[in-house]
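Fold and geometry: a report
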Amino acid sequence: MTGRLFIFGLGFSGLEIAMLARSAGWQVAGTCRGEEKAGRLRALGIETHRFDGTAPLPDPALAGTTHVLCTIAPGEAGDPVLRTMAGWPRSVGWFGYLSTTGVYGDRAGGWVDEDTPPRPGQPRSIARLAAERAWEAAAQAAGAALDVFRLPGIYGPGRSAIDQVRAGTARRIDKPGQVFSRIHVEDIAATVLAALARPGSAGAVRLFNVADDLPASTGDVVAFACALLGAPVPPAIPWEQAEPALSPMARSFYAESRRVRNDRIKDELGVVLRHPTYKEGLEAIALGARHSDGAS
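Read on for a plain summary of the structure. (Residues numbered from 1 in each chain as written. Predicted model: local features only at pLDDT ≥ 70, side-chain atom pairs only at ≥ 80, totals over all residues. Heavy atoms only, no water.)

When helices and strands are tallied, the protein chain shows 11 helices and 13 strands. Radius of gyration (C-alpha) of the protein chain: 19 Å, near the 19 Å computed for a compact globule of 296 residues. Buried positions account for 48% of the 296 residues belonging to the protein chain. Split by element, the accessible area of the protein chain, about 13,500 Å² in all, is 52% carbon and sulfur. Both charge centroids of the protein chain, one from 32 positive and one from 31 negative side chains, sit 2 Å from each other. (Helix = DSSP H or I, 4+ residues; strand = E, 2+ residues; numbered from the N terminus. Rg over C-alpha atoms; globule rule 2.2 N^0.38 Å. Buried < 20%, exposed > 50% of the residue type's maximum accessible area, 1.4 Å probe, protein only. Areas by Shrake-Rupley, 256 points an atom, 1.4 Å probe, with all protein chains shown as cover. Lys, Arg positive; Asp, Glu negative; His and termini not counted. Charge placed at Lys NZ, Arg CZ, Asp CG, Glu CD.)

Given below as structure tokens:
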């Protein structure tokens, strides 16, 4: 099935989803904050509207929309889309929301799945869980289905350990026992499209962890990127030494450790990950970078 997909937030993940949806035959529209970027997106053939969370979109922007996806993080005042949009066209039968596996909180490296009760510890994860529940209420009010996609660390071309090593900014912080799950942006897009192809029933809420198969430490990922590029591996920095220099955001990132199971996206949506671990993902990024360097 196809329809008109409206994406609030054509950022790193949102744009990847938009491009894949267009290639699959969907009509796609969405939002960004600035006019310069809006112009670039329109040049790609994506109907783009400016939206900064302070005022609703005009009604014609959503006319004929059948599916709505939100990728925008909540702010101090809650979800900016739900805060400003008073209602939805009757044609909308599906909502999607990109959330975070941070809603599970710290599990000391243990495994979580979609049946694990949320236990967020970080303020931004608490806000994400509240946004999930607000979208659930909005979907119920509209009589629509809702799919919540919980994402771990997102990487892809331009945002990866390969890019950090090439830029000379990669660090290996050694915090024993610390592991993270990750997901390549292309696999996020593929999972969302798989959910659109196998929709839930009206009023149903589905949760999907969108993670790859191999949780790992940041040090292991950086070391693998160095090996791919033939670069020296930076020395491991003990956590006690690194922590004082970290930003509050980075410090909160290292405050939690968990492994995320992804069986549901495979069993229910038929997802086959293009990058089943960070190794395949980084290999593809490194190859793309070499081709780009050769072309230039």
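Further remarks concern the pattern of salt bridges. The full count for this structure, using the stated rule, is 11 salt bridges. Asp 115 serves as the salt-bridge partner of Arg 264, at 3.4 Å between the closest nitrogen and oxygen. Residue Arg 264 is found in helix 10 (residues 263-269), and its partner Asp 115 is found in the loop between strand 6 (111-112) and helix 4 (123-142); the two are separated by 149 residues along the sequence. In this structure, Glu 256 engages Arg 258 in a salt bridge whose closest nitrogen and oxygen atoms are separated by 2.8 Å. Several salt bridges converge on common partners, so that one network encompasses Glu 114, Asp 115, Arg 264 and Glu 268. (Salt bridge = Lys/Arg side-chain N within 4 Å of Asp/Glu carboxyl O.)

A separate point is helix 4. Between its first and last C-alpha, helix 4 extends 29 Å over 20 residues, near the 28 Å set by a 1.5 Å rise per residue. In the core, the buried residues of helix 4 are packed alongside strand 4 (67-70), helix 3 (80-84), strand 5 (94-100), strand 7 (145-151) and strand 11 (205-209). (Expected span 1.5 Å × (residues − 1). Contact = heavy atoms within 4.5 Å.)

The next subject is the pairing of strand 1 (residues 4-8). Counting buried residues along strand 1, 5 of its 5 residues qualify, which places the element largely inside the surrounding structure. Here strand 1 shows a buried face lined by Arg 4, Phe 6 and Phe 8 and a second buried face lined by Leu 5 and Ile 7. Bridging between strand 1 and strand 2 (residues 27-32) involves 4 bridges; their strand directions are parallel. From the neighbouring strand, Arg 4 faces strand 2, where its bridge partner is Gln 27. For the handedness criterion, the β-α-β arrangement of strand 1, helix 1 (residues 12-23) and strand 2 is classed as right-handed. Across 4 bridges, the pairing between strand 1 and strand 4 is parallel. (Pairing = 2+ DSSP bridges. Right-handed = clockwise from strand over helix to strand, strands pointing away.)

It is worth spelling out the packing of helix 1 against helix 6 (residues 185-197) at this point. Where helix 1 meets helix 6, the closest approach of the two axes is 9 Å, and the angle between their N-to-C directions is 55°. It follows from the interaxial angle that helix 1 and helix 6 lie oblique. Two packed elements cross with a definite hand, and for helix 1 against helix 6 that hand is right-handed. Within the contact between the two elements, helix 1 uses Phe 12, Ser 13, Glu 16, Ile 17, Leu 20 and Ala 21 and helix 6 uses Val 185, Glu 186, Ile 188, Ala 189, Ala 190, Val 192 and Leu 193. For the contact of helix 1 with helix 6, the class distribution of residues is 10 nonpolar, 1 polar and 2 charged. (Axes fitted to C-alpha atoms, helices over the stretch in contact; angles between N-to-C directions. Parallel < 35°, antiparallel > 145°, perpendicular 65-115°, else oblique. Left-handed = near helix turned anticlockwise from the far one by under 90°. Nonpolar A, V, L, I, M, F, W, Y, C, P; charged D, E, K, R; others polar.)

What follows concerns the state of the cysteines. Per the counting criterion, the structure on display carries 0 disulfides. The structure places no disulfide on Cys 32, whose sulfur is separated from the nearest cysteine sulfur, that of Cys 70, by 14 Å. Using a relative accessible area of 6% as the deciding quantity, one classes Cys 32 as buried. (Disulfide = S-S within 2.5 Å.)

Time to look at the layout of surface pockets. Its boundaries defined by the atoms lining it, the second largest pocket holds a volume of some 180 Å³. Along the walls of the second largest pocket sit Pro 157, Gly 158, Asp 163, Arg 166, His 184, Glu 186, Arg 274, His 275, Ala 284, Ile 285, Gly 288 and Ala 289, which together make up its complete lining. Listing elements by their share of the lining of the second largest pocket, those giving two or more residues are helix 5 (161-167) and helix 11 (278-295). No other element matches helix 11, which puts 4 residues into the lining of the second largest pocket. Tallied by class, residues from the lining of the second largest pocket come to 4 nonpolar, 4 polar and 4 charged. (1 Å grid on protein atoms, 1.4 Å probe; cavity = no way out; pocket = protein on both sides within 12 Å on 5 of 7 lines; lining within 4 Å. Points joined across faces, edges and corners; volume = space filled by probe spheres on them.)

Let's shift gears to the sheet that holds strand 3 (residues 47-50). Strand order in this open sheet of 7 strands is 3-2-1-4-5-7-11, and the pairing throughout is parallel. The strands lining the two open edges of the sheet, one partner per strand, are strand 3 and strand 11. Going across the sheet, the axis of each strand differs from the next one's by a mean of 20°, ignoring polarity. Across 5 bridges, strand 7 lies against strand 11 in parallel orientation. The residue of strand 11 that forms the bridge with Leu 146 is Val 205. On top of the sheet, helix 1 reaches strand 1, strand 2, strand 4 and strand 5; it is set at about 170° to strand 1, its chief contact. Together, strand 4, strand 5, strand 7 and strand 11 form the strand contacts of helix 4, whose direction differs from that of strand 5 by roughly 175°.

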